[in-house]
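Residues per chain, in single letters:
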Amino acid sequence: MTRIANGLSEAAYRRAAEFLSSLDDDWARHIAAIGPCRHAAKPAREPYEALVRAIAYQQLHAKAGDAILGRFLALYPGAAFPAPEQVLATDEAALRGRGFSATKLATIRGIAQAALDGIVPTRAQALAMDDEALIERLVTLRGVGRWTVEMLLIYTLERSDILPADDFGVRDGYRRLKRLDATPTRRQMTEIGHAWSPYRTVAAWYLWRVPATA
C-alpha cells in the first residue's frame, strides 16, 4: 500500500511528475505544459464528512453542489460540520428542503448511521486500512460506489496510488492524451494504469487536465 504522506512536499510531486514524464513523449509534453502538480487534499476531514460532501456533489456541477451544501450546513449554525447524531435528528422534510433528492437524503442518513455504528471508520482507523479493504467496506453502504471511496482515498487520506478508472474525465483525458479513436473502458484503463504505479493519483490529476484540443 503506497500513500501520499500528510503535507506532501513539492519534491515528492516532482518525483512523481518526473516518473510519468519518463513514460513517453505524450506524457512528457503534457506535464511540461501543465507544470507542477498542485493536488489539493483536505486531510483534516473525517471520512464521514468526506463521504457526505461527496454525495452532496454527486451528479451536480460544482456551483449547484456548493449551493446545496451551503443550505445544508446552514441548518447547523455554530458547527463546522454536523455530527452524525445531528443529521439523524434533523427532520427529513427540512433536509429535503435544502435540495437533496430522496435518494441522496437516504444515502446521507445511511452514512451518518454507519458512522455511529462504526462501519464508517474514523480518520485514524482509515489511515491504518488498506485501499481495497476500505473500498470493500464502504461500498456496502447504499449509494456509495467505488468512485466515491476513491475520492475519499485521494483527497482525505492522501493515498498516492489511486486510479479512479470509472471516472470519465480520467478515461477521456487518456483518450485525448494518446489521440485514440475511443475512450478506454474501465477495465482497459485499469490495465493501462498499472504502468503509472506508484503514482496513479498524480497521473489522474494530470489526466483531468488534458485539454480538449490535445
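Above this text sits the structure in question.
Figured I'd write up the structure that's included with this text. (Residues numbered from 1 in each chain as written. Predicted model: local features only at pLDDT ≥ 70, side-chain atom pairs only at ≥ 80, totals over all residues. Heavy atoms only, no water.)

Some details on the overall build of the protein
Okay, so step 1: Across its full length, the protein holds 13 helices and zero strands.
Okay, so step 2: Going from the N terminus to the C terminus, the protein shows its helices and strands as α-α-α-α-α-α-α-α-α-α-α-α-α.
Okay, so step 3: The C-alpha atoms of the protein give 18 Å as radius of gyration, which agrees with the globular expectation for 214 residues (17 Å, within 12%).
Okay, so step 4: In terms of principal-axis extent, the alpha carbons of the protein reach across some 55 × 35 × 30 Å.
Okay, so step 5: Taking all 214 residues of the protein together, the buried fraction comes to 43%.
Okay, so step 6: Counting only contacts in the protein whose residues sit at least 6 apart along the sequence, the fraction spanning at least 24 positions is 64%.
Okay, so step 7: When the accessible area of the protein is evaluated, it comes to approximately 10600 Å², of which 53% is carbon and sulfur surface.
Okay, so step 8: Placing the 28 positive and 24 negative side-chain charges of the protein at their respective mean positions leaves the two points 4 Å apart. (Helix = DSSP H or I, 4+ residues; strand = E, 2+ residues; numbered from the N terminus. Rg over C-alpha atoms; globule rule 2.2 N^0.38 Å. Buried < 20%, exposed > 50% of the residue type's maximum accessible area, 1.4 Å probe, protein only. Contact = heavy atoms within 4.5 Å. Areas by Shrake-Rupley, 256 points an atom, 1.4 Å probe, with all protein chains shown as cover. Lys, Arg positive; Asp, Glu negative; His and termini not counted. Charge placed at Lys NZ, Arg CZ, Asp CG, Glu CD.)

A look at the pattern of salt bridges
Okay, so step 1: Per the counting criterion, the structure on display carries 15 salt bridges.
Okay, so step 2: One salt bridge in this structure joins D24 and K178, with 2.9 Å as the shortest N-O distance. Here K178 lies in helix α11 (residues 168-178) and D24 lies in the loop between α1 (10-21) and α2 (25-34), a separation of 154 residues in the sequence.
Okay, so step 3: On the accessibility criterion, D24 (26% relative accessible area) is partly exposed. (Salt bridge = Lys/Arg side-chain N within 4 Å of Asp/Glu carboxyl O.)

A look at the packing of α2 against helix α13 (residues 200-207)
Okay, so step 1: Between α2 and α13, the shortest axis-to-axis distance is 11 Å and the interhelical angle comes to 70°. By the angle between their directions, the pair α2 and α13 is classed as roughly perpendicular. For the pair α2 and α13, the contacting residues are W27, H30, I31 and I34 in the first and A203, W205, Y206 and L207 in the second.
Okay, so step 2: Its residues placed into classes, the contact of α2 with α13 shows seven nonpolar, one polar and no charged. (Axes fitted to C-alpha atoms, helices over the stretch in contact; angles between N-to-C directions. Parallel < 35°, antiparallel > 145°, perpendicular 65-115°, else oblique. Nonpolar A, V, L, I, M, F, W, Y, C, P; charged D, E, K, R; others polar.)

Topic: the packing of aromatic side chains
Okay, so step 1: One pass over the full model with this rule turns up eight aromatic pairs.
Okay, so step 2: Judged by centre distance (5.9 Å) and plane angle (75°), the ring pair of Y48 and F81 falls under edge-to-face. You can see Y48 sitting in helix α3 (residues 47-57) and its partner F81 sitting in the loop between α4 (62-73) and α5 (84-89), a full 33 residues away along the chain. Assigned by exposure class, Y48 and F81 land together as buried.
Okay, so step 3: The interplanar angle of 50° and the centroid separation of 5.6 Å between the aromatic rings of Y174 and W196 together place this pair among those described as tilted. Of this pair, Y174 sits in helix α11 while W196 is found in the loop between α12 (186-193) and α13, placing the two residues 22 residues apart along the sequence.
Okay, so step 4: Classification of Y174 by relative accessible area gives buried; the value is 12%. (Phe/Tyr/Trp six-rings, centres within 6.5 Å; stacked < 30°, edge-to-face > 60°.)

A few points about α13
Okay, so step 1: Within α13, eight of the eight residues are buried, which leaves it mostly tucked inside the rest of the structure.
Okay, so step 2: If you check which residues of α13 are buried, you get R200, T201, V202, A203, A204, W205, Y206 and L207.
Okay, so step 3: The inward-facing, buried residues of α13 contact α1, α2, α10 (146-155), α11 and α12.

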